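Results of the structural survey
Chain residues, written in single-letter form:
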Amino acid sequence: RKSLSGVQLAAKVTDTGWTIDGNIIAMANLATLGISSGGIVVCTSTGKIYLDWVLKTTLATWTSPHDRVSGIGVMTFGTDPYVYYISNTSFGAWVIHRSTATLSAFNVSYKSFTTAQTNSSPVSFVINADKNLNIAVNNKVIILTNSEVVVDKLEFEAAEQVRGLTWFQNSFKVYTNKGNSGIQYLWDGSSLTYEYRQEWENQPILWVTNDGAFDYAVLGFNANYSDLYLISGTQKQELRVNLESATSSRTLNRYMSIREAIVYISGGSSGESTLNGVYTFGNYYPWTTKSLVQQYSAPTWVQFLFHVHDLATSYFAADDSKVYTIEHNNPPFSNGYATTGYIVTQVHEGNSWEEKEISKIKVWFNLWSGDSIKVYIRKYLTDAWLLAKTIDATYYSWKKSAIIYPKDIEGLTFSKSETLQLKLEITSGGTAHTIPTAIKRVTVFMNVVNNG
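These numbers come from a predicted model, not from an experiment. (Residues numbered from 1 in each chain as written. Predicted model: local features only at pLDDT ≥ 70, side-chain atom pairs only at ≥ 80, totals over all residues. Heavy atoms only, no water.)

**Some details on the overall build of the protein chain**
The following threshold applies: Secondary structure elements follow DSSP: runs of H or I no shorter than four residues count as helices, runs of E no shorter than two count as strands, and numbering proceeds from the N terminus. Burial status follows relative accessibility: with a 1.4 Å probe on protein chains alone, a residue under 20% of its type maximum counts as buried, one over 50% as exposed, and anything between as partly exposed. Surface accessibility in these figures is a Shrake-Rupley result with a 1.4 Å probe; residues are shielded only by whichever protein chains are displayed.
In terms of regular secondary structure, the protein chain is built from one helix and 37 strands. Taken across its 452 residues, the protein chain has 49% of its residues classed as buried. Just so you have it, the protein chain exposes about 21100 Å², and 49% of that area is on carbon and sulfur atoms.

This is the structure in structure tokens:
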């Protein structure tokens, strides 16, 4: 899953360049949904539907709300696959639009159904199971059968809002919010009543995504009060508890997805002005435990929304009406490596009864012409970074390692230091490399100077 020989810069987040009119309110990858020709479908608040960067149709708009597509699914009718768009045309009134697999022809307002009128801009959750489309939105679960008949199945209280729908081994889990509580239902997919209901008081559901027998869920009031859970059957286990509004808190948002057993969650740091990042949670190496890592950052003032993934590419809709992409190939096909990037180590915290000093720091690397590596150091998270050494290709291109001694770092006293953190910044000289500059290993050698 990751390069085991060392740490390398990941592929950069790139604007696709697609021109999108309006706020992005729904997105899907047709290849993931079973259409071999593929393509990324993007729907906007202005009624526009795009396939990749090409505008395919504009739906009729209403005063309030617009003809808002809130979910996308694929189902075979007869012998042909069609794309279905779940759309809210007025409070409580819904229509299902249909298009061909290439979005070359549309049947607008093809089917209809109703729900409670409590949410003007909900999200629809759509799953193709047993050849039918299972649609959960607002306070209802309905089925569009493979003969294109709309059938009401589950109806909850009007005050409940569906926040997730997952499916495993012919059994569904439906997640709803009611006030400040989250609710989980087990449903067999055909009955008009659920099999089991449980309520999580003061834990409303932000988003749910499925990975086989398990569901991952972000539960909480908002990004500053939310936790990540693993749900197995009817049992939930805390995976990462938020620090709430603490300065160093990592905040989790309502948008989640999964790719190759890695969970992607929109979020950011509580110290940032916007949640302009994507965290990943998973087992990156076979011998390590699962961890939550901030993987990607969007441009300033931009927040990632919906995620969809292909075999080697991820797409992220953002609130600046753009779609961004990340290529996971090594090397990527077209986007290249990031021209700059940095790696920040975990904070080393020694025992409270010990005080240490650094005897040396050794960095192993591959360095290519025109590139450089800057090594920064600080004692505490609140300290400014201090430049310890610049490793440039002029002197180090033929070397594989560099040593930094305490005398090389001015202004930082290493005696009586219980904590330590390093940052390594890589800057490209602008030359295209077949093999990128890589940090292979960093080791800090420390001596105990006071054990009392």
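Next, the rest of the story.
**Let's talk about the sheet that holds strand β19 (residues 205–211)**
We apply this condition: Note on pairing: DSSP must find at least two bridges between two strands before they are called paired. The convention used is that axes are lines fitted to C-alpha atoms, helices contributing only their stretch in contact, and that angles between N-to-C directions extend from 0 to 180 degrees.
On the basis of which strands lie adjacent, the open sheet formed by four strands has the order β19-β20-β21-β22 and antiparallel pairing. Bordering the open sheet on either side are β19 and β22 (235–240), each of which pairs with just one other strand. For this sheet the average axis-to-axis angle between neighbouring strands, irrespective of direction, equals 25 degrees. The pairing of strand β20 (residues 214–222) with strand β21 (residues 225–232) spans eight bridges and is antiparallel. Among the inter-strand pairings, A217 is bridged to a residue of β21, identified as Y229.

**Quick notes on the pairing of strand β17 (residues 181–187)**
One face of the sheet, then the other: side chains in a regular strand alternate in exactly this way. With respect to burial, β17 is a largely interior element, seven of its seven residues being buried. Of the two faces of β17, the one lined by S181, I183, Y185 and W187 and the one lined by G182, Q184 and L186 are each fully buried. Pairing of strand β16 (residues 171–178) with β17, which is carried by seven bridges, proceeds in the antiparallel orientation. Paired with K173 across the two strands is L186, which belongs to β17. Between β16 and the antiparallel strand that follows it, β17, lie two residues; G179 among them carries a positive phi value of about 60 degrees. In this sheet, strand β18 (residues 196–200) lies alongside β17 in antiparallel orientation, the contact comprising five bridges. Residue pairing in the sheet places Y185 in a bridge with R197 of β18.

**Details of the environment of R259**
Convention followed: Note on contacts: a residue pair is in contact if any heavy atoms of the two residues lie within 4.5 Å. Counted as a polar contact is a pair of N or O atoms within 3.5 Å, where, for protein atoms, one must be capable of donating a hydrogen and the other of accepting one, and residues adjacent in sequence contribute only when both atoms are in side chains.
Looking at the secondary structure, you find R259 in strand β23 (residues 250–259). In this structure R259 comes out as buried when scored by relative accessible area, which is 12%. Ignoring sequence-local partners within four residues, the contact set of R259 consists of Y264, H309, D310, L311, A312, S314 and H328. Here L311 takes part through its backbone oxygen, which lies 2.9 Å from a polar atom of the side chain of R259.

**A closer look at the confidence of the model for the protein chain**
The predicted structure's coordinates, where accompanied by low pLDDT, should not be read in detail. Short version of the rule: The pLDDT value tells you how sure the predictor is about a given residue, anywhere from 0 up to 100.
Taken residue by residue, the protein chain gives an average pLDDT of 84. The fraction at 70 or more is 83%. Per-residue pLDDT stays below 50 along residues 1–8; that stretch engages in 21 contacts with residues further than four places along the chain or on separate chains.

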